[in-house]
Amino acid sequence: MFADLHLHTNFSDGTYTPEELAGHAHRLGFSAVALTDHDTMEGCPRMAAACVTHGIEFVPGSELTCEHERQELHILGYFLDTANEKLCTALAKFQEVRVNRIREMVARINALGVKLDVQMVFDIANCRAPGRPHIGRALVQLGICSGMDEAFDRFLKKGKPAWMPKYRMTAAEAIDLIHQAGGLASLAHPGLYRADHVIPGLVAAGMDGLECFYTKHSTPIMEHYMLIADKHRLLVTGGSDCHGMNKGQPLIGSTKLPYQFVELLKKRVAARRAT
Ligand code: AMP
Ligand code: ZN
Ligand code: FE
Ligand code: FE
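Remember, predicted model here, so these are calculated numbers, not experimental data. (Residues numbered from 1 in each chain as written. Chains lettered and ligands numbered in written order. Predicted model: local features only at pLDDT ≥ 70, side-chain atom pairs only at ≥ 80, totals over all residues. Heavy atoms only, no water.)

To describe a pair of aromatic rings, you give the distance between the ring centres and the angle between the ring planes. In total, this model carries 1 aromatic pair according to the counting rule given. Centre to centre, the rings of F213 and F261 are 5.7 Å apart; their planes meet at 50 degrees, and the pair counts as tilted. With F213 in strand 7 (residues 209–214) and F261 in helix 10 (residues 259–274), this pair connects stretches of sequence that are 48 residues apart. Using a relative accessible area of 14% as the deciding quantity, one classes F213 as buried. The exposure class of F261 is buried, given its relative accessible area of 11%. If you follow K256 out to its NZ or CZ, it ends over the ring of F2, 5.7 Å from the centre. (Phe/Tyr/Trp six-rings, centres within 6.5 Å; stacked < 30°, edge-to-face > 60°. Helix = DSSP H or I, 4+ residues; strand = E, 2+ residues; numbered from the N terminus. Buried < 20%, exposed > 50% of the residue type's maximum accessible area, 1.4 Å probe, protein only. Lys NZ or Arg CZ within 6 Å of the ring centre and 35° of its normal.)

Counted according to the given criterion, the structure contains 12 salt bridges. Its salt-bridge partner being D39, residue R98 comes within 3.0 Å of it at the nearest N-O pair. Of this pair, R98 sits in helix 3 (residues 85–111) while D39 sits in the loop between strand 2 (32–35) and helix 2 (44–54); the two residues are 59 residues apart in sequence, bridging distant segments of the chain. D39 shares its class with R98; the two are buried. Through salt bridges with shared partners, one network takes in E67, E72, K166 and R168. (Salt bridge = Lys/Arg side-chain N within 4 Å of Asp/Glu carboxyl O.)

To continue, consider the environment of K266. Looking at where K266 falls in the secondary structure, it is placed in helix 10. K266 sits 151 residues away from K115 along the chain, and the two C-alpha atoms are 50 Å apart. Not counting chain neighbours up to four residues away, the residues in contact with K266 comprise E57, F79 and Y259. (Contact = heavy atoms within 4.5 Å.)

This part covers the domain arrangement of the chain. Taken domain by domain, the chain consists of domain 1 (2–90 + 169–274) and domain 2 (96–156). Facing the 12 residues of domain 1 at the interface are 9 residues of domain 2. Regarding the contact of domain 1 and domain 2, the summed buried area is about 730 Å², with carbon and sulfur atoms giving 45% of it. Among the residues domain 1 hides against domain 2, the three largest losses belong to D13, E42 and N246. Together they make up 50% of the total. Here domain 1 is connected to domain 2 by 2 salt bridges. Viewed at the interface, domain 2 and domain 1 are joined by 4 residue pairs in polar contact (both at pLDDT 80 or more). Taken together, the residues of the side of domain 1 that touches domain 2 sort by class into 1 nonpolar, 8 polar and 3 charged. (Domains from an automatic or database assignment. Buried area = accessible area lost by both parts, 1.4 Å probe. Polar contact = N/O pair within 3.5 Å; in protein donor to acceptor, adjacent residues only side chain to side chain. Nonpolar A, V, L, I, M, F, W, Y, C, P; charged D, E, K, R; others polar.)

Taken together, the protein donors to the zinc ion (ligand 2) comprise D13 (OD), D13 (OD), H38 (NE2) and H243 (NE2), at separations of 1.9 to 2.5 Å. Since its relative accessible area comes to 10%, H38 is described here as buried. (Donors = N, O, S within 2.8 Å, 3.2 Å for Na, K, Ca; no water.)

Encoded structure:
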């Protein structure tokens, strides 16, 4: 039995609907999945319903954009109460900043003499957490860029003319927010940051888990993070970070977290809620 605990839908910058994503998870034989759209839980009710029809266990989640020692970090929240008021308010703030950021990024692209209507980007995004890939898709559709890579390389990457930071809470704030919503917090794709030195600080802030299993983690990198998780007594999480067709190939199926780790997560949530 396997799980994929890192998935995006079209409620953030993935291309699959929750129903399509649940269908792929079923076809690939997953026993459990988590939805972790960026800074939103909007897709969770539909994903939960779609998982019920396929007999797949569903974990409601989100991937929160945070900052720690000037480094952008993504903190995954799992087993979230999607009705939690504090969490919903914080996510609404994130979403407002994302919308304003899209306006500003498109204005910067326009200032370069490139015609792009911001409404087209919002229509493509069609969700509350729009991001750079939605601008990229618009640029590709208009024939201004040949593909997403060109859109990021010319305009959207950090250091390029349209790039803008997002509102970020600190990792400690994100961990607290996740905990008060009944959830567990895990550091996403640690292998992408080359910043292992931040891990002890996050552990001190109450972080519960580490995403050891990840598409872009080679076996030695995965083993490296398993040792770190063991050392700090962190729970082990993992997933593909599938964005549908956004990055060319759908990644679902490329990472399989053994189900025993999901059981350990559930035990921890139950113990936390019992106290
Ligand atoms: P944002 O949340 O708006 O900062 O956008 C970040 C998203 O852009 C993440 O999901 C990245 O994986 C995605 N991204 C970064 N570079 C590329 C690229 N070259 N092609 C497609 N997506 C990308
Ligand atoms: Zn994304
Ligand atoms: Fe991420
Ligand atoms: Fe992700």
